Amino acid sequence: VGFEPGSSALVKDLVKEGSVEKLKKCFGTRMEFGTAGLRAPMGPGTSCMNDLTIIQTTQGFCCYLEHCFSDLQDRGVVIGFDARAHTASGGSSKRFATLAAAVFISRGVPVYLFSDITPTPFVPFTIVHLGLCAGIMVTASHNPKEDNGYKVYWENGAQIIPPHDKGISTTIEENLEPWPQSWDADGAIQSPLLKDPYQDAHKAYFAAIQKHCLHRDVNKKSEVKIVHTSVHGVGHSFVQAAFEAFDLHPPFAVQEQKDPDPEFPTVKYPNPEEGEGVLTLSFALADKEGAAIILANDPDADRLAVAEKQKGGQWTVFSGNELGALLGWWMFQCWKQNGEGDPKDVYMLASTVSSKILRAIALKEGFHFEETLTGFKWMGNRAKDLLEQGKKVLFAFEEAIGYMCSPAVLDKDGVSAAAIVGEMTSYLSTKKITLSQQLKAIYEEYGYHITKNSYFICHDQDTIHRLFERLRNYTGPSTYPTECGGVVVLAVRDLTTGYDSTQPDKKAILPTSKSSQMITFTFANGGVATMRTSGTEPKIKYYTELCAAPGNSDVTHLKAELDNLVDAIIEDFFQPKKNNLQPRPE
């Protein structure tokens, strides 16, 4: 069932009620272990996160690591957790983390188990800092409160990529029967193999991110007032410590949201990407304190949203792409100021569905820009490859408000990003420049990049398959659209089939995956559009951008041009009426 105190009671209630569908949902399938690990509701059954499924998953992961590392018993693993908890079943992130530790300890593997909640980036940081074989973070990030997750990192400090996911999945299936000691959480806590890395990691992390603090004097004198919310998650004390490490004045904390609370009582969804609803209390506090900047972390503090008060009193919430432009520009300015080496050795990365603004900056400034597949696992692993070749990786980002500003963490990190935005804002304010003005200056210099992203909801896999197959056989077998809304299609890249019209052999360079749909169209007017399915939700997403040349600053005209292109893509490619697609809820 699950074995937390409330699990069997929940199942008995379902049996008593005769809730066959709910029982099927709990026991009918097993959670699939993928590159993102696990994410599912907490509760009884094989499809949910509970004591038993955590033990089974960890036994499989442990066996896989034993197979990959002959020195696993010398080096060990790190385990962290957020503040999630499920009253009905009794499951919680801390409980799951302790059980995972018990599994490794039963096999003689040293475990560095954090004694308290930490941000997700602390796990990849600790792997590299202590030279460990792997790491686990028990978190469901910004998901609804019922959910939890199990995120896995490799020895290089990046999230796992194929073929590790398949390898771990197979060994989980081979080790479903719990080993006798796997339940012994109490014994594990007493074991000499259990260590607490909290103090060491805390000290080392804040020392590492200070390499990116270049304007300490400005920070000390700064008059900028900043509000911070951790949205009932783990971020509060860590962002306060990051500001202190940068000699910035402490941000005003949103009192109602600063302490961890697994119920997330003040928000509908604990996701700062949802923008204004999550920030209502922050706006109120900022108005009261006279602050013009708001920083918001998601509950596991690996992502960051930023808002700025405009002259007229209204607030602008920056998109992930706009913040990517600002941070990319800033990281390059800081690198130039340090006067280190040749821009030819400098790299920035972004995922293929994120803005191409870094490409425009790279072209003009002479450094390298590379695209990776969607997800920080790809950027983290690529960054590691480049660092091993002696290159300098300054910055990586994805449009879903994820930023990697320091190679000390090869994953998105909302704590270091918060301090760096604090310093950037303080520096710009000495020049009487706001973030919005600086963003405009970046677009004026490197070319406007206007983006429009959204999605349709579709629960029917056959419809999704039909929609994408139609695009692959548009005017005949294996032909893609050549125009849309009167705009010529210059190039097509299909990462489901591995086709890329721009390559001499027509084969895509980026890895392909037959299990997910993803097609990118490049248009003659500077437009780029990607259509893809979501790995975790019943959505078909689209990401569109109009990349204008420097000097073309008629934003109203550019926005209208992108709007027209998006309307045509929806009408011609998505066909929402015919395919019965639900638009994104307002």
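Residues numbered from 1 in each chain as written. Predicted model: local features only at pLDDT ≥ 70, side-chain atom pairs only at ≥ 80, totals over all residues. Heavy atoms only, no water.

1. Some thoughts on the sheet that holds strand β14 (residues 392-398)
Part 1: One open sheet holds the four strands; their spatial order is β13-β12-β14-β15, and the pairing between them is mixed. The sheet is open, and its two borders are formed by β13 (368-372) and β15 (402-404), each paired with just one other strand. For this sheet, the mean inter-axis angle between neighbouring strands, taken without regard to orientation, is 15°.
Part 2: Pairing of strand β12 (residues 346-351) with β13, which is carried by five bridges, proceeds in the parallel orientation. Looking at β13, one finds that Y347 is bridged to H368. (Pairing = 2+ DSSP bridges. Helix = DSSP H or I, 4+ residues; strand = E, 2+ residues; numbered from the N terminus. Axes fitted to C-alpha atoms, helices over the stretch in contact; angles between N-to-C directions.)

2. Quick look at the UniProt feature "domain: Alpha-D-phosphohexomutase alpha/beta/alpha" (unreviewed entry) in the protein
Part 1: Annotation from UniProt places "domain: Alpha-D-phosphohexomutase alpha/beta/alpha" (unreviewed entry) at residues 31-175, 204-310 and 320-446.
Part 2: In residues 204-310, helix accounts for 37% and strand for 16%; the two terminal C-alpha atoms are 37 Å from one another. (UniProt positions renumbered as here; feature names shortened; annotations may be inferred.)

3. Quick notes on the packing of aromatic side chains
Part 1: Scanning all chains against the criterion turns up 26 aromatic pairs.
Part 2: The interplanar angle of 85° and the centroid separation of 6.2 Å between the aromatic rings of F61 and F104 together place this pair among those described as edge-to-face. A residue pair is termed long-range when its members are at least 10 positions apart, and F61 in helix α3 (residues 51-68) and F104 in helix α5 (residues 93-106) qualify at 43 residues. The two residues F61 and F104 agree in class, both being buried.
Part 3: For the pair F69 and W154, a centre-to-centre distance of 5.2 Å together with 40° between the ring planes defines the contact as tilted. Of the two residues, F69 is situated in the loop between α3 and α4 (72-75) and W154 in the loop between β5 (147-153) and α7 (164-174); the sequence distance between them amounts to 85 residues. Taken as a pair, F69 and W154 share a single burial class, namely buried. (Phe/Tyr/Trp six-rings, centres within 6.5 Å; stacked < 30°, edge-to-face > 60°. Buried < 20%, exposed > 50% of the residue type's maximum accessible area, 1.4 Å probe, protein only.)

4. Remarks on the sheet that holds strand β8 (residues 252-253)
Part 1: With mixed pairing, the five strands of this open sheet are ordered in space as β8-β7-β9-β10-β11. Bordering the open sheet on either side are β8 and β11 (315-317), each of which pairs with just one other strand.
Part 2: Examined bridge by bridge, strand β9 (residues 293-297) and strand β10 (residues 304-309) share five bridges and lie antiparallel to one another. Bridge pairing in β10 places A296 opposite A305.

5. Considering empty space enclosed by the protein
Part 1: Here the structure, examined in full by the defined rule, presents three cavities of 30 Å³ or more.
Part 2: Counting only elements with at least two residues in the lining of the largest cavity, the list comes to β16 (449-457), β21 (527-533) and β22 (539-547).
Part 3: Sort the elements by how many residues they give to the lining of the largest cavity and β22 lands first, with three residues.
Part 4: Its residues assigned to classes, the lining of the largest cavity comprises three nonpolar, eight polar and two charged. (1 Å grid on protein atoms, 1.4 Å probe; cavity = no way out; pocket = protein on both sides within 12 Å on 5 of 7 lines; lining within 4 Å. Points joined across faces, edges and corners; volume = space filled by probe spheres on them. Nonpolar A, V, L, I, M, F, W, Y, C, P; charged D, E, K, R; others polar.)

6. Quick look at the pattern of salt bridges
Part 1: Taken as a whole and assessed by the stated rule, the structure comprises 24 salt bridges.
Part 2: A salt bridge links R84 to D82, with the nearest nitrogen and oxygen atoms 3.6 Å apart.
Part 3: We classify R84 as buried; its relative accessible area is 3%.
Part 4: Salt-bridge contacts for D302 lead to K412; the nearest nitrogen and oxygen are separated by 3.8 Å. Remark: K412 occurs in the loop between β15 and α17 (414-430) and D302 occurs in the loop between β9 and β10; sequence separation between them is 110 residues.
Part 5: D302 sits in the buried class, given a relative accessible area of 1%.
Part 6: On the basis of relative accessible area, K412 is assigned to the buried category, the value being 10%.
Part 7: Sharing partners across several salt bridges, the network here consists of D71, R75 and E155. (Salt bridge = Lys/Arg side-chain N within 4 Å of Asp/Glu carboxyl O.)

7. A short note on the environment of K412
Part 1: Considering only alpha carbons, one finds K412 and E586, 174 residues apart in sequence, at a separation of 28 Å.
Part 2: In contact with K412, other than residues within four places in its own chain, are P121, K151, D302, R303, F376, E398, G402 and Y403. (Contact = heavy atoms within 4.5 Å.)

8. Topic: unusual backbone geometry
Part 1: Following P162, the chain continues into P163 via a peptide bond in cis, with omega recorded as 5°.
Part 2: As for its position among the elements, P163 is in the loop between β5 and α7.
Part 3: Its identity as a non-glycine residue notwithstanding, A301 has a phi of 60°, on the positive side.
Part 4: Here A301 lies in the loop between β9 and β10.
Part 5: By relative accessible area, A301 is classed as buried at 0%.
Part 6: One non-glycine residue, S478, lies in positive phi territory at about 55°.

9. A short note on the pairing of β9
Part 1: In terms of burial, β9 is largely enclosed, as five of its five residues are buried.
Part 2: Because side chains alternate across β9, one face comprises the buried residues I293, L295 and N297, and the other comprises I294 and A296, equally buried.
Part 3: Sheet topology note: the strand β7 (residues 226-229)/β9 ladder contains four bridges and is parallel. Each residue of the ladder has a partner; that of V227, found in β9, is I294.
Part 4: Counting the residues between successive antiparallel strands, the hairpin from β9 to β10 contains six residues, one of them, A301, with a positive phi of roughly 60°.

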